[in-house]
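An overview of the molecular structure
Here's the letter readout for the chains.
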Amino acid sequence: LEGGVPLVVSRFESMSSATVGLALRLDGIPRELLRYVSLLPTLMTQVGVIENGKPVPYEEMSERMRNEILSLDAGSSTNPRTDRVELLVRGSGLGAAEAARAVNWMGLVLLHPDWRPENLPRIRDVVDQQLSSLRNAMQGSEESWVQDPATAYRMQTDPVFLAADS
């Protein structure tokens, strides 16, 4: 792409679905904003969006995505070996038209999340749910959390990695 941004395209003639992913490096985030990195994927995908200047509440957004696309998700992607920390947004669709709608939804959650003051009740609910999930992480199976402390210890000098993945 322009500016030397790498692009990977894979085509399989027998496939009927498409997945589009966008990985954005997080190593340029200022230190004072790192506290928000772990919440960013959730705040993008679970609070609603602004579409054509009109707020679309999360419930409507969720219902529309269920009807219009195969999937949309956001999360952090980390690799301690390559020292990469990225925000990863993926959308999938069955067929070209649905895949194009998934790309449109990706643009909405990336560029137009509903972070207006009027939506603060929903934002607070999402933050509270995320905090509760984090506080209860060790209540789940050990397999789901036991690697995190060891990785955090190894990566303790990398604040971006810790903000995104620990």
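Use the structure listed above.
All values reported here derive from a predicted model rather than from experimental measurement.

The rules behind the values
Residues numbered from 1 in each chain as written. Predicted model: local features only at pLDDT ≥ 70, side-chain atom pairs only at ≥ 80, totals over all residues. Heavy atoms only, no water. Salt bridge = Lys/Arg side-chain N within 4 Å of Asp/Glu carboxyl O. Core = buried A, V, L, I, M, F, W, Y, C linked by side-chain atoms within 4.5 Å. Buried < 20%, exposed > 50% of the residue type's maximum accessible area, 1.4 Å probe, protein only. Helix = DSSP H or I, 4+ residues; strand = E, 2+ residues; numbered from the N terminus. Contact = heavy atoms within 4.5 Å. Pairing = 2+ DSSP bridges.

Some points on the pattern of salt bridges
- For the coordinates displayed, the defined rule picks out seven salt bridges.
- Two residues, Arg-116 and Glu-118, come together in a salt bridge whose shortest N-O distance is 3.4 Å.
- Where salt bridges share partners, they join Glu-51, Arg-64 and Glu-68 into one cluster.

Some thoughts on the nonpolar core
- Counting residues in hydrophobic clusters, the biggest one holds 23 residues, and the most contacted among them are Val-49, Met-61, Leu-72, Trp-105 and Val-109.
- Residue assignment for this core shows that the elements contributing at least two residues are α2 (58–68), β5 (84–94), α3 (96–111) and α6 (159–165).
- Looking at this core, the element that brings in the most residues is α3, giving five residues.
- Setting aside chain neighbours within four positions, we find Val-49 in contact with Lys-54, Pro-55, Val-56, Met-61, Trp-105, Leu-108, Val-109, His-112, Pro-113 and Asp-114.
- Core analysis: the second largest hydrophobic core is formed by five residues, Leu-43, Val-47, Ile-123 and Val-126 among them.

What to know about the side chain of Asn-119
- Tracing the chain through its elements places Asn-119 in the loop between α3 and α4 (120–135).
- Classification of Asn-119 by relative accessible area gives buried; the value is 13%.
- Once residues within four sequence positions are removed from consideration, Asn-119 is found in contact with Val-47 and Asp-114.

Some words on the pairing of β5
- Burial analysis of β5 places eight of its 11 residues in the buried class, which makes it a mostly covered element.
- Two elements, strand β1 (residues 17–25) and β5, share nine bridges in a ladder whose sense is antiparallel. Across the sheet, Ser-17 pairs through a bridge with Leu-94, a residue of β5.
- As judged from the nine bridges shared by strand β4 (residues 71–79) and β5, these two strands associate in the antiparallel manner. Looking at the pairing, Thr-78 lines up with Val-85 of β5.
- Here β4 folds back onto β5 in antiparallel fashion, the turn holding four residues, of which Asp-83 has a positive phi close to 60°.

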